[in-house]
Amino acid sequence: MKKIIKIALWSLLALLLLVAGALGLFIYKVKHGFPVTYETEQPALAIPEGKKAILVFSKTTGFRHSESIAAGKQTLASLAAKNDWYLHDTEAGGVFNPGQLSRFHAVIFNNSTGRVLNDEQQQALEQYVENGGTLIGIHGAGDDSHRWPWYEQNLLGAKFSHHPIEHQLQEAQLQLDSVTDRALTSKLPSTWTHTEEWYVFFSHPAEKGFQTVYHIDGEKIDPNGNMLWTTDKNFGMGRHHPVAWYRRVGKGRTFYTSIGHEARAWEQEPFVHMLENALVWQ
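Worth saying up front: this structure is predicted, and the values here are computed from it rather than measured.

K.L.:
Please clarify how the packing of aromatic side chains should be interpreted in this entry.
P.N.:
Two aromatic rings, taken as a pair, are described by how far apart their centres are and by the angle between their planes. A full pass over the atoms with the stated rule returns 16 aromatic pairs. In this structure an aromatic cluster arises from ring pairing among Phe57, Phe96, Phe109, Trp148, Trp150 and Tyr151. Sitting over the ring of Phe210, Arg247 keeps its end group 5.1 Å from the ring centre.

Dropping the structure here:
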């Protein structure tokens, strides 16, 4: 009987170690990316003359927000139809070359995570923005899986730390900030309420020259991101916790919002209108 109990305990221990190892590997892959294939074939583009073109890029090699990505594609397609824009929706990186990128007014990283572009494609996007293009990032586009210094400095302005774990989704009231580019806040409500996975960054993007469009009171949410062996993620961003911000980069523009973890974000009229403003921003 004792032998059977001993075998059972050792089996249980082995199982727990396997589960812990698998979970650790998964967390590592989410942060550092899964195996990557880079697409280099240039797609055929049929952009009508004189029509504003928008590139929606939803490739992921890290965590995939499948439902939000799908909802985002649908909503952005509706915005394109409403505004008579040409929309190129893809998860292939071949379009990230100087010639084709120059034909787009804006590029949207729709919850794109992980390393999704090769070195040459990253450089093409950097030059596109600095020469006058617009880059917009949504939610997962701001996590720390991208391993791309220019991107972190010029789209995010801060390094991602964590999101709440025990209370992952929390309701908060968003407060509109006063900004210099008024086109970004046109017809937006001064306050609105939304339930979200609120991202926590190590610093405030204002320290790098970004301006906040919306913020929440970070002292009214539980920011604790500790889990298992992680014990240093029980901090937030204070009373002025930014959730959407922007800046000028060279001749171009970047805009990022941490909203968009779930598909229901795309049902929020202020969120969609905020992105529409970012897309018409000059």
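Right, picking up where we left off after that structure.
K.L.:
Could you clarify how one ought to interpret helix α5 (residues 149-156) in this entry?
P.N.:
Structural remark: α-helix, 3.6 residues per turn; residues separated by three or four positions point the same way. Every buried residue of α5 is accounted for by Trp150, Tyr151, Asn154, Leu155 and Leu156. Within α5, the buried residues cover an arc of 165 degrees as seen down the axis, which keeps them to one side. Buried residues along α5 sit in contact with β3 (106-110), α4 (119-130), β4 (134-138), β10 (241-249) and β11 (252-257). At the C-terminal side of α5, Gly157 shows a positive phi close to 70 degrees.

K.L.:
Whenever I open this one, the sheet that holds strand β9 (residues 211-216) confuses me. Can you help?
P.N.:
Backbone-to-backbone hydrogen bonds join strands into a sheet, with any given pair of strands oriented parallel or antiparallel. What the nine strands build is an open sheet, ordered β2-β1-β3-β4-β11-β10-β9-β6-β7; its pairing is mixed. Here the strands that pair on one side only, and so sit at the sheet edges, are β2 (86-90) and β7 (191-196). Recorded for the sheet is a direction-independent mean angle of 20 degrees between the axes of neighbouring strands. Across five bridges, the pairing between strand β1 (residues 53-57) and β2 is parallel. When the sheet's bridge partners are listed, Leu55 is paired in β2 with His88. Sheet strands in contact with α5 are β3, β4, β10 and β11, and its direction is about 105 degrees off that of β10.

K.L.:
Help me understand unusual backbone geometry in this model?
P.N.:
It is generally the case that most residues other than glycine have a negative phi and that most peptide bonds are trans. Of note in this structure, Arg147 is not a glycine but carries a positive phi near 50 degrees. Among the secondary structure elements, Arg147 is positioned in the loop between β4 and α5. At Lys187, a position not held by glycine, the phi torsion is positive, near 65 degrees. If you trace the backbone, Lys187 turns up in the loop between β6 (170-176) and β7.

K.L.:
Please explain the nonpolar core as it appears in this structure.
P.N.:
The tendency in soluble globular proteins is for nonpolar side chains to be buried as a group. Counting residues in each nonpolar core, the largest one holds 36 residues, and the members touching the most others are Tyr214, Phe255, Ile259, Phe271 and Met274. Mapped onto this core, the elements with two or more residues apiece are β1, α2 (66-83), β3, β4, β6, β9, β10 and α6 (269-280). For this core, the leading source of residues is α6, giving six residues. In this structure, Phe271 is in contact with Ile138, Trp192, Thr257, Ile259, Ala265 and Trp266, ignoring residues within four places of it in sequence. Residues Leu55, Val107, Tyr128 and Trp150 belong to the second largest nonpolar core, which totals 35 residues.

K.L.:
Just to check I follow, could you spell out the pairing of β9 for this structure?
P.N.:
Of all six residues that make up β9, five are buried, and the element is covered over most of its length. Bridge analysis of β6 against β9 gives two bridges, and the strand direction is antiparallel. If you follow Gln175 over to β9, its bridge partner there is His215. Pairing between β9 and β10: five bridges, direction antiparallel. Residue pairing across strands places Tyr214 opposite Ala244, the latter belonging to β10.

K.L.:
Explain the packing of α2 against α6 here, please?
P.N.:
Relative placement of two packed helices is described by the angle separating their axes and the distance separating the axes. Their axes nearest at 11 Å, the elements α2 and α6 cross at an angle of 55 degrees. In terms of axis orientation, α2 runs oblique to α6. Regarding α2 and α6, the two cross each other, and that crossing is right-handed. Together, Thr75, Leu76, Leu79, Lys82 and Asn83 of α2 and Val272, Glu276 and Leu279 of α6 make up the contact between the two elements.

K.L.:
Help me out: how do you make sense of the pairing of β11 in this one?
P.N.:
The buried fraction of β11 is high, at six of six residues. Residues of β11 alternate between two faces, with Gly252, Thr254 and Tyr256 on one and Arg253, Phe255 and Thr257 on the opposite face, all of them buried. Pairing geometry for β4 and β11, over five bridges, is parallel. The residue bridging Thr134 from the neighbouring strand is Arg253, located in β11. Inspection of the sheet shows β10 paired to β11 by six bridges, in the antiparallel sense. Paired with Tyr246 across the bridge in β11 is Phe255. Adjacent in sequence and paired antiparallel, β10 and β11 are bridged by two residues, among which Gly250 carries a positive phi angle near 60 degrees.

Thresholds, definitions, all that
- Per chain, the residues get numbers from 1 upward, laid out in the order the sequence is written.
- Residues qualify for local features only when their pLDDT is at least 70, as the model is predicted, and side-chain atom pairs are given and counted only at 80 or more; totals for whole chains, interfaces and linings, by contrast, use all residues.
- Side-chain calculation: all heavy atoms of the structure are included, whereas hydrogens and water are not.
- For this analysis, a ring pair means two rings from Phe, Tyr or Trp (six-membered ring only for Trp) whose centres lie within 6.5 Å, classed as stacked if their planes differ by under 30 degrees, edge-to-face if by over 60, and tilted for the remaining angles.
- Remark: a charge is flagged as sitting over a ring if the NZ atom of Lys or the CZ atom of Arg is within 6 Å of the ring centre and within 35 degrees of the ring normal.
- Throughout this description, buried means an accessible area under 20% of the type-specific maximum (1.4 Å probe, protein chains only), exposed means over 50%, and partly exposed covers the range between.
- Helix and strand labels come from DSSP, where a helix needs a run of H or I of at least four residues and a strand needs a run of E of at least two; each type is numbered from the N terminus.
- In this description, one arc is meant: the one made by directions from the helix axis to the C-beta atoms.
- Should any heavy atoms of two residues lie within 4.5 Å, those residues are considered in contact.
- A pair of strands counts as paired when DSSP detects no fewer than two bridges linking them.
- Between N-to-C directions, angles span 0 to 180 degrees; the directions come from axes that are lines fitted to C-alpha atoms, helices contributing only their stretch in contact.
- Each nonpolar core is a collection of buried residues, namely Ala, Val, Leu, Ile, Met, Phe, Trp, Tyr and Cys, held together in the definition by side-chain atoms within 4.5 Å.
- The cut-offs work like this: below 35 degrees is roughly parallel, past 145 is roughly antiparallel, 65 to 115 is roughly perpendicular, and the gaps in between are oblique.
- It is the rotation of the near helix from the far one that decides the hand of a crossing: anticlockwise by less than a right angle makes it left-handed, clockwise makes it right-handed.

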